[in-house]
Amino acid sequence: MLSDNLYREKRMPSPLRHIWRIFYHDALSMIGFYGFLALLLVCLFGTVLAPYALDQQFLGYQLLPPSWSRYGDVSFFLGTDDLGRDVLSRLLTGAAPTFGSALVVTVAASVFGVALGVLAGITRGLRSAALNHVLDTLLSIPSLLLAIVVVAFLGPRLEHAMLAVWLALLPRVVRTVYDAVHEELDKEYVLAVRIDGASMMHILRYAVLPNIASVLVSEFTRSLSMAILDIAALGFLDLGAQLPSPEWGAMMGDTLELVYVAPWTVMLPGGAIMASVLIVNIVGDGLRRAMISGVE
């Protein structure tokens, strides 16, 4: 009997494996997951996958429509821009300064935000109230407006845009973690563990953080979506990546006056931004549902 119980315990999946099984059997979540992996691969190997160099110009092929169009050319699958550059090559190369930069910024904001949010969440009294008011003040400023102010002060560069977006995301992450930790620490099971003599570090590691994991995942994907849009918006306003950078927002801003003449030069980078945000949200919703179902 004892051996049967040990055998069943060995066969029981770990919590992470159980969550993965739930996520794996959700078709929409897996589509988003494969799309997310594709975005990562394009960020890493975009220059290798691109059929032409980033700034290579083809004289006589300016504003060539995509290949499926009547006047398209098979050599340029997504057409060319006003300088005769291949749009597909620029889109593939532009994944890194748009999606890759947003991912780096979001990871950095999440690491610092979780650490500061946990430290703030375990405080009480005057310090907690003061921090609460500071966070409310920062959150009252739209993230894009705050990023524009920072970039206007530092100067238009992709690195400055990343720093600005990081500063805009950080208060939101801190506030989310702060509220989640505060709410979790007020629950009865935490009070019971405290009475038993458990340390705060033990409570955070084994009780609070595992129970707010779904909140952290939701906040990470929401922040990543905001970072993609903000970096693209700064590039569109000529406050982020500078030309000839293939950053998707900068590509849209550079060809905006051609929207009626060559709409693919604006719609394709805009579609890439929309698709990346949609993929991130699908993955985030799928992970959140899997984590909630895995706990129940």
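Here the residue index of a chain counts from 1 through its sequence in written order. With pLDDT at 70 or above as the cut-off, local features in this predicted model cover only qualifying residues; side-chain atom pairs require 80 or more to be listed or tallied, and sums for whole chains, interfaces and linings still use all residues. Excluding hydrogens and water, the side-chain values take into account all heavy atoms of the structure.

## Description of the overall build of the protein
Stage number 1. Broken down by element type, the protein carries 13 helices and 0 strands.
Stage number 2. A helix here means a DSSP run of H or I that spans at least four residues, while a strand means a run of E at least two residues long, and both kinds are numbered starting from the N terminus. For the protein, the N- to C-terminal ordering of α and β elements is α-α-α-α-α-α-α-α-α-α-α-α-α.
Stage number 3. By principal-axis analysis of the C-alpha atoms, the protein measures approximately 80 × 55 × 25 Å.
Stage number 4. Only protein chains enter the accessibility calculation, which uses a 1.4 Å probe; a residue is then buried when its area is under 20% of its type maximum, exposed when over 50%, and partly exposed in between. Put simply, the protein has 296 residues, and 43% of those count as buried.

## Quick word on the side chain of Asp81
Stage number 1. Along the chain, the position of Asp81 falls in the loop between helix H3 (27–49) and helix H4 (87–93).
Stage number 2. The exposure class assigned to Asp81 is buried, which follows from its relative accessible area of 5%.
Stage number 3. We define a polar contact as two N or O atoms separated by no more than 3.5 Å, with the added condition that, inside protein, one atom must be a possible hydrogen donor and the other a possible acceptor, whereas residues neighbouring each other in sequence contribute only through side-chain atom pairs. Engagement of the side chain of Asp81 in a polar contact is seen with the backbone nitrogen of Arg85, the distance being 2.8 Å.
Stage number 4. Pairs of residues are marked as contacts when any of their non-hydrogen atoms sit within 4.5 Å. Look past the residues within four positions of Asp81 in its chain and what remains in contact with it is Gln62, Leu63, Val87, Arg90 and Thr265.

## Some points on empty space enclosed by the protein
A probe as big as a water molecule, rolled over the atoms, marks out the empty space that is left.
Stage number 1. Only protein atoms enter the 1 Å grid used here. Points where a 1.4 Å probe fits but cannot escape make up a cavity, open sets with protein on both sides within 12 Å along at least five of seven lines make up a pocket, and a residue lines them when an atom lies within 4 Å of a point. Grid points are joined across faces, edges and corners, and a volume is the space filled by probe spheres set on the points. As enumerated under the stated definition, the model contains 1 cavity of 30 Å³ or more in all.
Stage number 2. Here the largest cavity defines a volume of roughly 80 Å³.
Stage number 3. In terms of lining residues, the largest cavity is bounded by Asp81, Arg85, Val87, Arg90, Leu243, Met251, Asp254, Thr255 and Thr265.
Stage number 4. Going through the elements one at a time, H4 and helix H12 (248–254) are the ones with two or more residues in the lining of the largest cavity.
Stage number 5. Among the residues forming the lining of the largest cavity, the class breakdown is 3 nonpolar, 2 polar and 4 charged. Classes in brief: Ala, Val, Leu, Ile, Met, Phe, Trp, Tyr, Cys and Pro nonpolar; Asp, Glu, Lys and Arg charged; the others, Gly included, polar.

## Side note on the packing of H3 against helix H5 (residues 95–121)
Stage number 1. Interhelical geometry of H3 versus H5 gives an angle of 120° and a closest axis separation of 9 Å. Between H3 and H5 lies a crossing of left-handed hand. Residues Phe36, Leu39, Leu40, Val42 and Cys43 of H3 pack against Ala95, Ala96, Phe99, Gly100 and Leu103 of H5.
Stage number 2. Taken together, the residues of the contact of H3 with H5 sort by class into 9 nonpolar, 1 polar and no charged. Between the N-to-C directions of two axes lies an angle of 0 to 180 degrees, each axis being a line fitted to C-alpha atoms and, for a helix, fitted only over the stretch in contact. Crossings are assigned a handedness: left-handed for a near helix turned anticlockwise from the far helix by less than a right angle, right-handed for a clockwise turn.

## Overview of the confidence of the model for the protein
Stage number 1. For every residue, the predictor reports its confidence as pLDDT, a number between 0 and 100. Across the protein, the average pLDDT comes to 86, with 93% of residues at 70 or higher.
Stage number 2. Confidence drops under pLDDT 50 across residues 6–10; counting only partners more than four residues distant or on other chains, this segment forms 0 contacts.

## Considerations on the environment of Gly113
Stage number 1. Looking at the secondary structure, you find Gly113 in helix H5.
Stage number 2. In this structure the C-alpha to C-alpha distance between Gly113 and Gln242, which are 129 residues apart in sequence, comes to 29 Å.
Stage number 3. Residue contacts for Gly113: discarding those within four places in its chain leaves Leu170, Val173, Val174 and Val177.

## Notes on the environment of Ala95
Stage number 1. For Ala95, the position within the fold is in helix H5.
Stage number 2. The sequence separation of Ala95 and Leu119 amounts to 24 residues, and the corresponding C-alpha distance is 35 Å.
Stage number 3. In this view, Ala95 contacts Val42, Cys43, Gly100 and Trp248; residues no more than four positions away in its chain are not counted.

## Description of the nonpolar core
Stage number 1. To form a nonpolar core, buried Ala, Val, Leu, Ile, Met, Phe, Trp, Tyr and Cys residues must be joined to one another through side-chain atoms within 4.5 Å. Residues Phe36, Phe99, Val165, Leu224, Ile228 and Trp248 are the most contacted members of the largest nonpolar core, which totals 48 residues.
Stage number 2. If you list the elements that add at least two residues to this core, you get H3, H4, H5, helix H7 (143–154), helix H8 (158–185), helix H11 (213–236), H12 and helix H13 (264–295).
Stage number 3. Element by element, the count of residues in this core is highest for H8, at 9 residues.
Stage number 4. Apart from residues lying up to four places away in sequence, Trp248 is in contact with Leu91, Gly94, Ala95, Thr98, Pro269, Ala272, Ile273 and Ser276.
Stage number 5. Val177, Val181, Val190 and Ile203 belong to the second-largest nonpolar core, a separate cluster that totals 12 residues.

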